[in-house]
Amino acid sequence: MRFGICTGPENIELLEKLGYDYIELNASKMLTLSEEELESIREKLNASKIKCEAVNVLFPKTMSIIGGTTTEEELTEFLHKVMKIIQFLGAKVAVFGSGKVRKCPEHLELGQGYQELVKKVRLTGEIAAQYGVKIVIEPLSRVETNLINTMSEGAILESDVAHENVGLLSDFYHVMTNHDSIESMESIKKFDHIHIAAAGGRRYPLSEEGEEYREFFRTLKKIGYTGRVSIEGKTDEIEKDAVTALALLKKMEECEYE
């Protein structure tokens, strides 16, 4: 497996120093930067072993793509803009989380909201394909959204979208928060990206105590997952916690699943 952290470009050198494999940047934040600032980030990436292999927060919270104020034309224009930046930074995976943006509003039936989500995710995948980017659907906690909370729901959405540039993510924190079934990953079988943070407090994974990391990693190994695992959590001391977290993740990777 390959291990990275969801963090800002100011930590590129630190991640290289600590032995991580890549960085996962915030796409919405990248949208707010000037061309000069983006070029500076790309230069830092080019000079480092650390590359931006993935991005998260694809949509800013100001957008509402399900029964909301964002039109399909506006969404299309936005997607071309953000995908150009993602391509410029070299990322191959973009996480479709953005719970507020995809939430089904009260005035719309949930089934209608789901059908609209299928169309919007397919459109996102179609445009992403033009830039060599794969979209991964992120099931989120029920506190964050009312559409696509469990991994099985995410797998069904992926199937209904039916586009080769749309895949699925599993986030350990959301799995635990929703009391989702780790075992269900065995029937889903295929994931394209992983996020991880402690179930208790959504912080960097530092200890096995009170957590089900071992079962999660055993299941990933059982289904043959060898891809990226990004830490997406809070920390007060990034260097100290990143060292501990990487050691723990590598230990979990070595655990046997039988």
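All figures in this text were calculated on a predicted structure; none of them were measured in a lab. Residue indices begin from 1 for each chain and proceed along its sequence in written order. At least 70 in pLDDT is required for a residue's local features to be given in this predicted model, at least 80 for side-chain atom pairs to be given and counted, and no such filter applies to totals for whole chains, interfaces and linings, which use all residues. Just so you know, side-chain values use all the structure's heavy atoms and leave hydrogens and water out.

Colleague: I would appreciate a short explanation of the environment of V82 in the present structure.
Modeller: Each helix is a run of H or I in the DSSP string that is no shorter than four residues. Each strand is a run of E no shorter than two, and both are numbered from the N terminus. Summarising the element assignment, V82 is placed in helix α4 (residues 72-89). Between the C-alpha atoms of V82 and A128, which are 46 residues apart in sequence, the distance is 9.4 Å. Contact definition: two residues touch when any of their heavy atoms are within 4.5 Å. Dropping the residues within four chain positions of it, V82 is found in contact with A27, L31 and L58.

Colleague: What's the story with the sheet that holds strand β7 (residues 193-196) in this structure? I'm lost.
Modeller: Through backbone hydrogen bonds, the strands of a sheet pair up, either in parallel or in antiparallel fashion. Here the rule is simple: two strands pair whenever DSSP picks up at least two bridges between them. Strand order in the closed barrel formed by eight strands is β1-β2-β3-β4-β5-β6-β7-β8, and the pairing between neighbours is parallel. Neighbour to neighbour, the strand axes of the sheet diverge by 30 degrees on average, direction disregarded. Inter-axis angles, ranging from 0 to 180 degrees, are taken between N-to-C directions of lines fitted to C-alpha atoms, where helices are fitted over the stretch in contact.

Colleague: Just to check I follow, could you spell out the side chain of D171 for this structure?
Modeller: Checked against the element boundaries, D171 lands in strand β6 (residues 166-171). Whenever two N or O atoms come within 3.5 Å, that pair is a polar contact, provided that in protein one can donate a hydrogen and the other can accept it, and provided that, for residues adjacent in sequence, both atoms are side-chain atoms. A polar atom in the side chain of D171 sits 2.9 Å from the backbone nitrogen of Y173. With residues up to four places along the chain from it excluded, the contact list for D171 reads E138, H195, R202 and E232.

Colleague: Would you mind going over the side chain of R102 with me for this structure?
Modeller: Within the secondary structure, R102 is located in helix α5 (residues 99-102). The buried charged residue R102 lacks any salt bridge partner; its closest oppositely charged side chain belongs to E138, at an N-O distance of 6.0 Å. Reaching out from R102, the side chain makes a polar contact with the backbone oxygen of I148 at a distance of 2.9 Å. With sequence-adjacent residues up to four places away left out, R102 is seen in contact with I65, I66, F96, G97, L117, E138, P139, L140, T145, L147 and I148. Burial classification: accessible surface area is computed with a 1.4 Å probe over protein chains only, and a residue below 20% of its type maximum counts as buried, one above 50% as exposed, and the rest as partly exposed. Charge assignment in this entry is limited to Lys and Arg as positive and Asp and Glu as negative, and neither His nor the chain termini are counted. Salt bridge, as used here: a side-chain nitrogen of Lys or Arg that lies within 4 Å of a carboxyl oxygen of Asp or Glu.

Colleague: What should I look at first to understand helix α6 (residues 110-129) in this one?
Modeller: At 3.6 residues per turn, the α-helix brings residues three or four places apart onto the same side. With 20 residues, α6 should cover 28 Å at 1.5 Å per step; its first-to-last C-alpha distance of 28 Å lies within 8% of that length. Of the residues making up α6, those classed as buried are G113, Y114, L117, V118, K120, V121, L123, T124, G125, I127 and A128. As for α6, its buried residues are in contact with α4, β4 (93-96), α5, β5 (134-137), α7 (151-161) and β6. To estimate the expected span of a helix, subtract one from its residue number and multiply by 1.5 Å.

Colleague: What am I meant to see in the pattern of salt bridges here?
Modeller: Oppositely charged side chains can form a pair if their charged atoms are brought close together. Counted under the stated rule, the structure contains 14 salt bridges. Salt-bridge contacts for E239 lead to K17; the nearest nitrogen and oxygen are separated by 2.8 Å. In this pair, E239 is assigned in helix α11 (residues 238-253) and K17 in helix α1 (residues 12-18), connecting sequence segments 222 residues apart. Ionic pairing is found between E208 and R214, a salt bridge with its closest N-O pair at 2.8 Å. Among the residues examined, E208 registers a relative accessible area of 25% and is labelled partly exposed. Connected via shared salt-bridge partners are R2, E53 and R228.

Colleague: What should I look at first to understand a negative patch on the surface in this one?
Modeller: On the surface, E72, E73, E74 and E77 cluster together into a negatively charged patch. By secondary structure assignment, the location of E74 is in helix α4. Assessed through its relative accessible area of 41%, E74 is described here as partly exposed. Patches were defined on residues exceeding 30% relative accessible area and lacking a salt bridge, with like-charge contacts within 9 Å and nonpolar side-chain contacts (Val, Leu, Ile, Met, Phe, Trp, Tyr) within 5 Å. Per-residue accessibility takes into account occlusion by the displayed protein chains alone, with areas from the Shrake-Rupley method and a 1.4 Å probe. Charge positions come from single atoms, namely NZ of Lys, CZ of Arg, CG of Asp or CD of Glu.

Colleague: I'm lost on the packing of aromatic side chains in this one. Help?
Modeller: In this description, a pair of aromatic rings is defined by centroid distance and the angle of the planes. Under the pairing criterion, centres of Phe, Tyr and Trp rings, with the six-membered ring standing for Trp, must be within 6.5 Å; the plane angle then separates stacked pairs below 30 degrees from edge-to-face pairs above 60, leaving the rest tilted. Scanning the model with the defined rule gives five aromatic pairs in all. Relative to F217, the ring of F216 lies with its centre 6.2 Å away and its plane at 80 degrees, an arrangement referred to as edge-to-face. Members of the aromatic cluster, each reached through a chain of ring pairs, are F172, Y213, F216 and F217.

Colleague: Would you take a moment to explain helix α3 (residues 35-46) for this structure?
Modeller: An ideal rise of 1.5 Å per residue puts 16 Å on 12 residues; α3 measures up with 16 Å between its terminal C-alpha atoms. All of the buried residues in α3 are L38, I41 and L45. The buried residues of α3 occupy an angular sector of 60 degrees when projected down its axis, which confines them to one face. Away from its buried face by more than 90 degrees, α3 exposes E36 and N46. Next to the buried residues of α3 lie α1, β2 (22-26), α2 (27-31), β3 (51-56) and α4. Within this analysis, the arc is defined by the directions that extend from the helix axis to the C-beta atoms.

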